[in-house]
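Chains, contacts and geometry: an overview
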Amino acid sequence: MSFLLPTLSSKKEVDNVIRNTEDLVLVLRFGRSSDSSCLLLDDILAKAAPDLANMAIIYLVDIDKVPVYTQYFDISLIPSTVFFFNAQHMKVDWGSPDHTKFVGSFKQKQHLIDVVEVIYRGAMKGKVMVTSPLDPSDIPKYQLIYKDI
């Protein structure tokens with residue numbers, strides 16, 4: 001399903017998309033097009049894209065082709081989804097120690113739509129961090145492992 005969404009394959013492309021997306025939530029899915037869990041998330045993203053056309057734009061980022069952002073966002077588990085609004089990195093309180101990204105796949109299309117809507121409404125009010133509208137049982141659990149500490 002990754003062929004249904006635009007893919008960014010260089011740092012310059014990612015920079016331009018972050019810089020030039022205005023008044024829309026930018027959804028960046030970091031992962032690999034060959035990974036089954038990424039394909040599951042890609043399917044949900046592709047199905048939600050038409051419903052989110054007025055609030056968000058969705059891109060896929062291959063972690064092997066853009067290692068600088070993979071390292072910058074500390075993406076060690078895939079798929080990971082990062083959100084921006086007007087070049088501002090939006091953070092979401094998922095009830096986990098990491099507020100910078102959503103790790104794993106959304107369980108339903110409606111979960112993604114709810115998250116994007118909360119981010120959009122919060123960003124329009126000037127917030128840079130919002131609280132997740134998802135039930136904690138719908139958020140994948142994982143352990144953070146800090147390297148070189």
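Below or above, wherever it landed, is the structure these notes cover.

Rules and cut-offs
- Going along each chain's sequence as written, the residues are numbered from 1 onward.
- Residues qualify for local features only when their pLDDT is at least 70, as the model is predicted, and side-chain atom pairs are given and counted only at 80 or more; totals for whole chains, interfaces and linings, by contrast, use all residues.
- The basis for every side-chain value is the complete set of heavy atoms in the structure, and neither hydrogens nor water enter the calculation.
- Using a 1.4 Å probe on the protein chains alone, a residue whose accessible area is under 20% of its type maximum counts as buried, one over 50% counts as exposed, and one in between counts as partly exposed.
- Think of it this way: any DSSP run of H or I at least four residues long counts as a helix, any run of E at least two long counts as a strand, and we number them from the N terminus.
- Strand pairing requires that DSSP identify at least two bridges connecting the strands.

What follows concerns the pairing of strand S4 (residues 80-85). Among the six residues in S4, six count as buried, and that is most of the element. A two-sided burial pattern is seen for S4, the buried positions comprising Ser80, Val82 and Phe84 on one face and Thr81, Phe83 and Phe85 on the other. Relative to S4, strand S2 (residues 25-31) runs antiparallel, the two sharing six bridges. Its bridge partner lying in S4, Val25 is registered against Phe85. Summarising the sheet, S4 and strand S6 (residues 102-103) pair through two bridges and their orientation is antiparallel. Across the sheet, residue Ser80 finds its bridge partner in S6, namely Val103. When S4 meets strand S5 (residues 88-93), the two strands line up antiparallel, connected through three bridges. Looking at the pairing, Phe84 lines up with His89 of S5. Joining the antiparallel neighbours S4 and S5 is a turn of two residues, in which Asn86 adopts a positive phi near 50 degrees.

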